[in-house]
Structures are given as structure tokens and as C-alpha cells.
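Structure at a glance
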Amino acid sequence: MATPPNKATVVEINLISAQELPSYKASSSTSSIRTYVVAWISPQQKLTSRVDKAGDKNPTWNDKFIVSIDKDLVFERPNSTLVLEIYCKRRYRKDRLIGKVNILLDSLIDKNQFWGSEDICGKVMAFHVRDSSGMPQGILNIGFMNLDGLLDRGMPSFLGNSSLAIDYRRLMGGN
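Our subject in this report is the structure included herewith. All values reported here derive from a predicted model rather than from experimental measurement.

For the rest of this paragraph, the subject is the pairing of strand β5 (residues 81–88). Among the 8 residues of β5, 7 are classified as buried, and the element is accordingly described as predominantly covered. Looking at chain direction, strand β2 (residues 35–40) and β5 are connected through 6 bridges and run antiparallel. Looking at β5, one finds that Ala39 is bridged to Leu84. For β5 and strand β6 (residues 96–104), the ladder comprises 8 bridges, and the chain directions are antiparallel. Bridging from a neighbouring strand, Tyr87 pairs with Leu97 of β6.

Moving on: the pattern of salt bridges. Applying the stated criterion to the full structure yields 2 salt bridges. A salt bridge links Arg50 to Asp63, with the shortest nitrogen-to-oxygen separation between them at 2.5 Å. Of this pair, Arg50 sits in the loop between β3 (47–48) and β4 (60–70) while Asp63 sits in strand β4, and the two are 13 residues apart along the sequence. Classification of Arg50 as partly exposed rests on a relative accessible area of 39%.

Take the environment of His128 next. Here His128 shows up in strand β7 (residues 122–130). With sequence-adjacent residues up to four places away left out, His128 is seen in contact with Lys100, Val101, Pro136, Gly138 and Ile139.

Okay, unusual backbone geometry next. Here the phi dihedral of Glu20 falls at roughly 55°; this positive angle occurs in a residue that is not glycine. Mapping Glu20 onto the fold places it in the loop between β1 (8–19) and β2. According to the relative accessible area criterion, Glu20 is exposed, its value standing at 52%. For Asp56, which is not a glycine, the phi torsion comes out positive at approximately 55°. Relative to the helices and strands, Asp56 resides in the loop between β3 and β4.

For the rest of this paragraph, the subject is the nonpolar core. By size, the foremost hydrophobic cluster in this structure holds 33 residues, and its most contacted members are Ile69, Leu84, Ile86 and Leu140. When sequence neighbours within four positions are dropped, the list of residues in contact with Leu84 reads Leu15, Val37, Val38, Ala39, Gly99, Lys100, Val101, Ile103, Leu140 and Ile142. Within the second largest apolar cluster, 5 residues are counted, among which are Tyr36, Val38, Trp40 and Val83.

Extensive coverage of strand β8 (residues 136–146) is indicated by the burial of 8 of its 11 residues. Pairing analysis gives 8 bridges linking β1 to β8, with the strands arranged antiparallel. Within the sheet, the bridge partner assigned to Ser17 lies in β8 and is Asn141. Relative to β8, β7 runs antiparallel, the two being bridged by 8 bridges. Paired with Phe127 across the bridge in β8 is Leu140. Counted along the chain from β7 to the antiparallel partner β8, the turn is 5 residues long, and its residue Gly134 has a positive phi close to 95°.

Attention now goes to the packing of aromatic side chains. Going through the model one piece at a time under the given rule, you end up with 1 aromatic pair. Measuring from ring centre to ring centre gives 5.5 Å for Tyr36 and Tyr87, while their planes differ by 15°; the resulting arrangement is stacked. Taken together, the residues Tyr36 in strand β2 and Tyr87 in strand β5 connect sequence positions 51 residues apart. Per residue, the accessibility class of Tyr36 equals that of Tyr87, and both read buried.

This brings us to the side chain of Asn141. Structurally, Asn141 is set in strand β8. Residues contacting Asn141, with those up to four places away along its chain left out, are Asn14, Leu15, Ile16, Ser17, Ala18, Gln19, Met125 and Ala126.

Calculation notes
- Residues numbered from 1 in each chain as written.
- Predicted model: local features only at pLDDT ≥ 70, side-chain atom pairs only at ≥ 80, totals over all residues.
- Heavy atoms only, no water.
- Buried < 20%, exposed > 50% of the residue type's maximum accessible area, 1.4 Å probe, protein only.
- Helix = DSSP H or I, 4+ residues; strand = E, 2+ residues; numbered from the N terminus.
- Pairing = 2+ DSSP bridges.
- Salt bridge = Lys/Arg side-chain N within 4 Å of Asp/Glu carboxyl O.
- Contact = heavy atoms within 4.5 Å.
- Core = buried A, V, L, I, M, F, W, Y, C linked by side-chain atoms within 4.5 Å.
- Phe/Tyr/Trp six-rings, centres within 6.5 Å; stacked < 30°, edge-to-face > 60°.

So this is what it looks like as C-alpha cells:
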């Protein structure tokens with residue numbers, strides 16, 4: 001197994017869409033569900049997507065997050081995961097968790113070629129969204145890209161430390 005030259009690498013996670021999520025609305029209600037995603041590797045640094053107001057059971061977010069991943073998470077802690085939680089936005093009550101996706105970082109990253117590679121490695125994947133009992137509740141589509149080839153073999157200064165997670169909207173000054 002190759003030893004990574006840097007302590008961390010920078011990746012982009014694109015929350016694309018979901019399909020066939022449960023609606024959780026009253027049968028007499030005509031409003032659609034509004035969903036968003038909370039993504040995190042470290043629970044102290046959670047990122048939130050925008051709320052999809054029109055997608056109902058098939059939301060589309062197309063939100064991108066930039067995350068630096070410490071090599072220790074992949075090489076020395078093989079059970080490290082990217083957690084994606086899908087919530088239904090509710091007006092007067094606490095938002096409801098629709099389901100969760102846990103993705104092993106090992107399944108996203110090719111350890112032998114990931115760090116220090118000049119190639120831009122990208123993947124588009126689909127995962128089952130599971131409720132608290134483990135039953136499938138739809139499908140979540142994500143894109144994942146290694147940005148090290150674009151960043152001249154080092155972390156850019158705006159990312160600062162090796163455990164930073166930011167979303168494009170915050171980076172570009174939006175809401």
C-alpha cells in the first residue's frame with residue numbers, strides 16, 4: 001500500500017438527488033414535502049444542503065461540499081464513514097429524519113492512487129436511504145471527486161487546517 005505524501009487530501013461531494021422518498025404527509029394535505037441533507041465525516045463539522053421545495057418525493061439539490069480528509073481516517077481507521085442524513089422540513093415542529101446513508105470512506109477512495117495523483121478521480125454513485133430500523137426508504141445519488149490533481153498537489157491556503165469542511169454557497173458568499 002502506498003504511503004500518502006500529504007497529511008490530508010481535498011475532495012468534492014456533490015449531493016445530486018434522491019428518489020422515491022416516503023412522503024410523511026397527512027392524506028388530506030396537498031403540500032409537498034421539503035427535504036434537505038446534513039452531511040458529515042466529523043460530527044463537529046456538519047454541512048447542510050439547501051431545502052428542495054419542489055421535488056417532493058424525488059428532490060434535487062445539486063449542492064457541492066469541499067471536504068479535506070485526513071489520511072489517518074482512511075489508512076488507519078478503516079470504518080470511517082461519510083454520513084448523509086435526509087430530513088423533511090416541517091413548519092411548526094422539529095424536522096423529521098427520513099433516513100440516513102453511511103458510506104465507508106474506503107469505498108469512495110482508491111488508497112493506491114488517491115493521494116498525490118495527477119488524475120482527477122470522480123465517481124457518481126447511488127445508495128439506499130435507510131430509516132432507523134434499517135429498512136430502505138429510497139435512493140440517494142451523489143458525486144465524489146478527488147480535487148488534488150486540480151490543486152497543484154497541496155491544500156489551498158483558504159482551506160487552512162486539515163479538518164475543514166465547507167460548502168460552495170458559503171465559499172462564494174451566498175446563503
